[in-house]
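# An overview of the molecular structure
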Amino acid sequence: MDKFRIGIIGTGYVGLVTGACLSDMGHTVYCMDIDEKVIKDLKSGQLPIYEPGLAELVAQGKERGNLFFTTYIEEVTDNCEIIYLAVGTPQSLDGGADLSQIYEAARSIRDSASRHTIVVTKSTVPVGTGGGLQHLLAEREDNEVSFSYVSNPEFLREGSAIKDFLEPDRIIIGSSDEESLDKMESIYRPLGVPMVRTDVKSAEMIKYASNAFLATKISFINEIANVCEEVGADIDVVAQGMGMDKRIGTSFLKAGIGYGGSCFPKDVQALKQLAGNTGYVFQLLNSVIEVNN
Ligand SMILES: NC(=O)C1=CN([C@@H]2O[C@H](COP(=O)(O)OP(=O)(O)OC[C@H]3O[C@@H](n4cnc5c(N)ncnc54)[C@H](O)[C@@H]3O)[C@@H](O)[C@H]2O)C=CC1
Ligand SMILES: O=C(O)[C@H]1O[C@H](OP(=O)(O)OP(=O)(O)OC[C@H]2O[C@@H](n3ccc(=O)[nH]c3=O)[C@H](O)[C@@H]2O)[C@H](O)[C@@H](O)[C@@H]1O
């Protein structure tokens, strides 16, 4: 199996889990963050989040000497041939995704790169962002420095992040560069899970469409719960009976107060906004959001 030197820009939830898991898979990983406290704490063994198994993977990586933490972008660009972007993409005031962190991070790679680098976006970004980032990176290209770009969205859940990263239902990799796709495939092949090899825009859309579909399932079951209450049916049994149909499936049929968490609300809004920017009114998503509110 090929072993790579991999950088991770943004050592938050997704970045730290990705870095710890990739080091566990035998790669040499440099996790970078602009938050000095996060990096200082990680160096001294304190983690910013709790995830089952994460502290152990971080400790093992440090002990083995293939997991490093830094605030210096040069330490990443000097050492790594593949660099993941795992910074935040929070909701902006207009409902779309705020891409300032991702552009800032890409700019820092562009400006300090000293070799050919594959830039891999793990953060959730709207369709078209990959094109914008490639444009930004290309501004720097010369005889020594060049970039390839890959979209590799993440599907982990908070609370089962390590398991979700190491045992995903599928891995999505999108790029126009076949060589980069081959390298990405070789990174993930040991996991033995299906991989979808596609273009950047389709990869970006798979992430939003997946989160929006799961959110739709939750809003749907919450609407069914409301009707159950009116007609005297038992929503738990109804969800169980529906879920036994393999085409429907048992997951994400738990009625409750609606979907929350750090991503569904912002990602559903961002997809609505993305469609709206093309002049398309995504009526179903409007209802999903309305039901959830
Ligand atoms: N949290 C989750 O469960 C999941 C999140 N995602 C997506 O992954 C992305 C990251 O999310 P989280 O890890 O939750 O965010 P987070 O907020 O936990 O971490 C982001 C990190 O990036 C750092 N950062 C910001 N700008 C930087 C820069 N220029 N250079 C270096 N570091 C920088 C921040 O200091 C922070 O530590 C988002 O796009 C999110 O939608 C995807 C799947 C699951
Ligand atoms: O993009 C992301 O950030 C992530 O968003 C979710 O992960 P997460 O938000 O960590 O947690 P979930 O367990 O999916 O729960 C999301 C919300 O849906 C709600 N939910 C979930 C399941 C259900 O049956 N009913 C329900 O109301 C939960 O209470 C919670 O508010 C997705 O499940 C991940 O695949 C995705 O990577």
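Residues numbered from 1 in each chain as written. Chains lettered and ligands numbered in written order. Predicted model: local features only at pLDDT ≥ 70, side-chain atom pairs only at ≥ 80, totals over all residues. Heavy atoms only, no water.

To continue, consider the site of ligand 1. In the vicinity of ligand 1 there are 25 residues, among which Val14, Asp33, Thr89, Thr124 and Lys266 approach most closely. One nitrogen or oxygen atom from the main chain of tyrosine 13 is found 3.1 Å from an oxygen atom belonging to ligand 1. In this structure, valine 14 approaches ligand 1 through a main-chain N or O atom, which is 2.8 Å from an oxygen atom. For ligand 1, the protein covers 83% of the area, taking 840 Å² as the surface of the free molecule. Elements that contribute at least two residues to the shell around ligand 1 include exactly helix H1 (13–24) and helix H5 (100–112). Considering every element that reaches the shell around ligand 1, the biggest residue donor is H5, with three residues. (Near = heavy atom within 4 Å. Polar contact = N/O pair within 3.5 Å; in protein donor to acceptor, adjacent residues only side chain to side chain. Areas by Shrake-Rupley, 256 points an atom, 1.4 Å probe, with all protein chains shown as cover. Helix = DSSP H or I, 4+ residues; strand = E, 2+ residues; numbered from the N terminus.)

The environment of ligand 2 is formed by 17 residues, the closest being Phe155, Leu156, Lys207, Gly260 and Cys263. Here phenylalanine 155 contributes a backbone N or O atom positioned 2.8 Å from an oxygen atom of ligand 2. At 3.3 Å, a backbone N or O of leucine 253 approaches an oxygen atom of ligand 2. For ligand 2, the protein covers 77% of the area, taking 710 Å² as the surface of the free molecule. The biggest single contributor to the shell around ligand 2 is helix H9 (residues 200–231), with three residues. For the shell around ligand 2, a count of residues per class yields eight nonpolar, three polar and six charged. (Nonpolar A, V, L, I, M, F, W, Y, C, P; charged D, E, K, R; others polar.)

Turning our attention to the UniProt feature "binding site: NAD(+)" (unreviewed entry) in the protein. Following the UniProt record, the feature "binding site: NAD(+)" (unreviewed entry) maps to Asp33, Thr89, Thr124, Glu158 and Lys266 here. The largest pairwise C-alpha distance within this set of annotated residues, which runs over 234 residues, is 22.7 Å, so the set is dispersed in three dimensions. Mapped onto the secondary structure, aspartate 33 falls in the loop between strand S2 (28–32) and helix H2 (36–43). Classification of aspartate 33 by relative accessible area gives buried; the value is 12%. In this view, aspartate 33 contacts Gly10, Thr11, Gly12, Ile39, Thr70 and Thr71; residues no more than four positions away in its chain are not counted. A polar contact is formed between the side chain of aspartate 33 and the backbone nitrogen of threonine 11, at a distance of 2.7 Å. Setting aside residues no more than four positions away along its own chain, lysine 266 makes contact with Thr89, Pro90, Gln91, Gly95 and Thr124. (UniProt positions renumbered as here; feature names shortened; annotations may be inferred. Buried < 20%, exposed > 50% of the residue type's maximum accessible area, 1.4 Å probe, protein only. Contact = heavy atoms within 4.5 Å.)

Moving on: the packing of aromatic side chains. Going through the model one piece at a time under the given rule, you end up with five aromatic pairs. On the numbers, 4.8 Å between centres and 25° between planes, the contact of tyrosine 30 with phenylalanine 68 is stacked. Residue tyrosine 30 is located in strand S2, and its partner phenylalanine 68 is located in strand S3 (residues 67–70); the two are separated by 38 residues in the primary sequence. According to the relative accessible area criterion, tyrosine 30 is buried, its value standing at 7%. Among the aromatic residues, those joined into a cluster by ring pairs are Phe252, Tyr259 and Phe264. Sitting over the ring of phenylalanine 155, arginine 170 keeps its end group 3.7 Å from the ring centre. (Phe/Tyr/Trp six-rings, centres within 6.5 Å; stacked < 30°, edge-to-face > 60°. Lys NZ or Arg CZ within 6 Å of the ring centre and 35° of its normal.)

With respect to the helices, strands and loops of the structure, lysine 207 is situated in helix H9. Buried charge without a salt bridge: lysine 207, with aspartate 267 as the nearest opposite-charge side chain at an N-O distance of 5.1 Å. Apart from the residues within four sequence positions on either side, lysine 207 is in contact with Thr124, Pro153, Glu154 and Phe155. (Lys, Arg positive; Asp, Glu negative; His and termini not counted. Salt bridge = Lys/Arg side-chain N within 4 Å of Asp/Glu carboxyl O.)

We now examine the domain arrangement of the protein. When cut into domains, the protein gives domain 1 (5–198) and domain 2 (205–292). For domain 1 and domain 2, the distance between their C-alpha centres works out to 29 Å. Contacts between the two partners involve 17 residues from domain 1, matched on the other side by 13 residues from domain 2. The interface formed by domain 1 and domain 2 holds zero salt bridges in total. Counting the contacts that link domain 1 with domain 2 gives five residue pairs in polar contact (both at pLDDT 80 or more). (Domains from an automatic or database assignment.)

Moving on, we come to unusual backbone geometry. With the exception of glycine, most residues fall at negative phi, and the peptide bonds are largely trans. A positive phi is found at phenylalanine 252, a non-glycine position, where the angle reads about 60°. Residue position: phenylalanine 252 is located in the loop between helix H10 (235–243) and helix H11 (264–277). By relative accessible area, phenylalanine 252 is classed as partly exposed at 28%.

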